[in-house]
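Letter by letter, the chains look like this.
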Amino acid sequence: MRDNLSAEIFIARLKPLLDGKIIVVQPRNVRKTREFMLEHGLTAEDVIEFLYTLTSDDYYEGPSSDDNGSPGSVMVFLSEYETIRIYIKIKIWKDETGDEGVVMSFHKEGDYD
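Being a predicted model, the structure only gives us computed values, none of them experimental. (Residues numbered from 1 in each chain as written. Predicted model: local features only at pLDDT ≥ 70, side-chain atom pairs only at ≥ 80, totals over all residues. Heavy atoms only, no water.)

Draft legend 1. Broad picture of the overall build of the protein. Counting its secondary structure elements, the protein contains three helices and five strands. Written out in order from the N terminus, the α and β elements of the protein read α-β-α-α-β-β-β-β. Relative to the compact-globule value of 13 Å for 113 residues, the protein shows a C-alpha radius of gyration of 13 Å, a close match. A separation of at least 24 residues holds for 53% of the contacts in the protein among residues at least 6 apart in sequence. When the accessible surface of the protein is summed, it comes to about 6300 Å², and 51% of that surface belongs to carbon and sulfur atoms. If the 13 positive side-chain charges of the protein are averaged to one point and the 22 negative ones to another, these points end up 3 Å apart. (Helix = DSSP H or I, 4+ residues; strand = E, 2+ residues; numbered from the N terminus. Rg over C-alpha atoms; globule rule 2.2 N^0.38 Å. Contact = heavy atoms within 4.5 Å. Areas by Shrake-Rupley, 256 points an atom, 1.4 Å probe, with all protein chains shown as cover. Lys, Arg positive; Asp, Glu negative; His and termini not counted. Charge placed at Lys NZ, Arg CZ, Asp CG, Glu CD.)

Draft legend 2. Focus on the packing of aromatic side chains. Under the counting rule described, the total for this entry stands at five aromatic pairs. Here the aromatic rings of F10 and F77 are separated by 6.1 Å at their centres, their planes lie at 45 degrees, and the arrangement is tilted. Highlighted residues: F10 in helix α1 (residues 4-19) and F77 in strand β3 (residues 73-81), separated in sequence by 67 residues. Plain terms: the ring middles of F36 and F106 are 5.9 Å apart, the flat faces sit at 65 degrees to each other, and that makes the pair edge-to-face. (Phe/Tyr/Trp six-rings, centres within 6.5 Å; stacked < 30°, edge-to-face > 60°.)

Draft legend 3. The sheet that holds β3, seen in detail. Reading across from one edge, β1-β5-β4-β3-β2 is the order of the five strands in this open sheet, with mixed pairing throughout. The open sheet is flanked by β1 (23-25) and β2 (59-64), the only strands paired with a single partner. Strand-to-strand, the axes of this sheet are offset by a mean angle of 20 degrees, without reference to chain direction. Both β2 and β3 contribute to a ladder of three bridges, which runs antiparallel. Note on β3: the bridge partner recorded for E61 is V76. Packed on one face of the sheet, helix α2 (residues 30-39) meets β1, β3, β4 (84-95) and β5 (98-108) and runs near 70 degrees to β5. (Pairing = 2+ DSSP bridges. Axes fitted to C-alpha atoms, helices over the stretch in contact; angles between N-to-C directions.)

Draft legend 4. Up close: the pairing of β3. For β3, the buried fraction is high: seven of the nine residues fall into the buried class. In the sheet, β3 pairs with β4 via nine bridges, with the strands oriented antiparallel. Paired with Y81 across the strands is I84, a residue of β4. Between β3 and β4, which follow one another and run antiparallel, lie two residues, and E82 among them has a positive phi close to 55 degrees. (Buried < 20%, exposed > 50% of the residue type's maximum accessible area, 1.4 Å probe, protein only.)

Draft legend 5. Structural detail: the pattern of salt bridges. Tallied over the full model, the rule gives seven salt bridges. The salt bridge partner of R28 is D66, with a shortest N-O separation of 2.5 Å. In this pair, R28 sits in the loop between β1 and α2 while D66 sits in the loop between β2 and β3, placing the two residues 38 residues apart along the sequence. K91 is the partner of D66 in a salt bridge, and the nearest nitrogen-oxygen pair spans 2.7 Å. (Salt bridge = Lys/Arg side-chain N within 4 Å of Asp/Glu carboxyl O.)

Listed below in structure tokens is the structure:
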């Protein structure tokens, strides 16, 4: 079952992180994301800018816990970049200064990690 409400809440938390540049691109599988970014001439700033386009319609799965056991909610989105469907995994957690975020994956769909 699609959990669009959770996706809407997650995106609402994501937008201030994007505005404040409090989210970073630190892929877990560096090869997949970096190769995709290089192939398409994308910088980390381009990826962050692209995240502004996400809507609850792009929701794929989550929220889930991080595989490594660290705190935070992980959400996965599938969205279109140019003519390519891309897999985007983002994690948001709260620490003593407020919400923090990381882009864990940003690559072609099907190249899951």
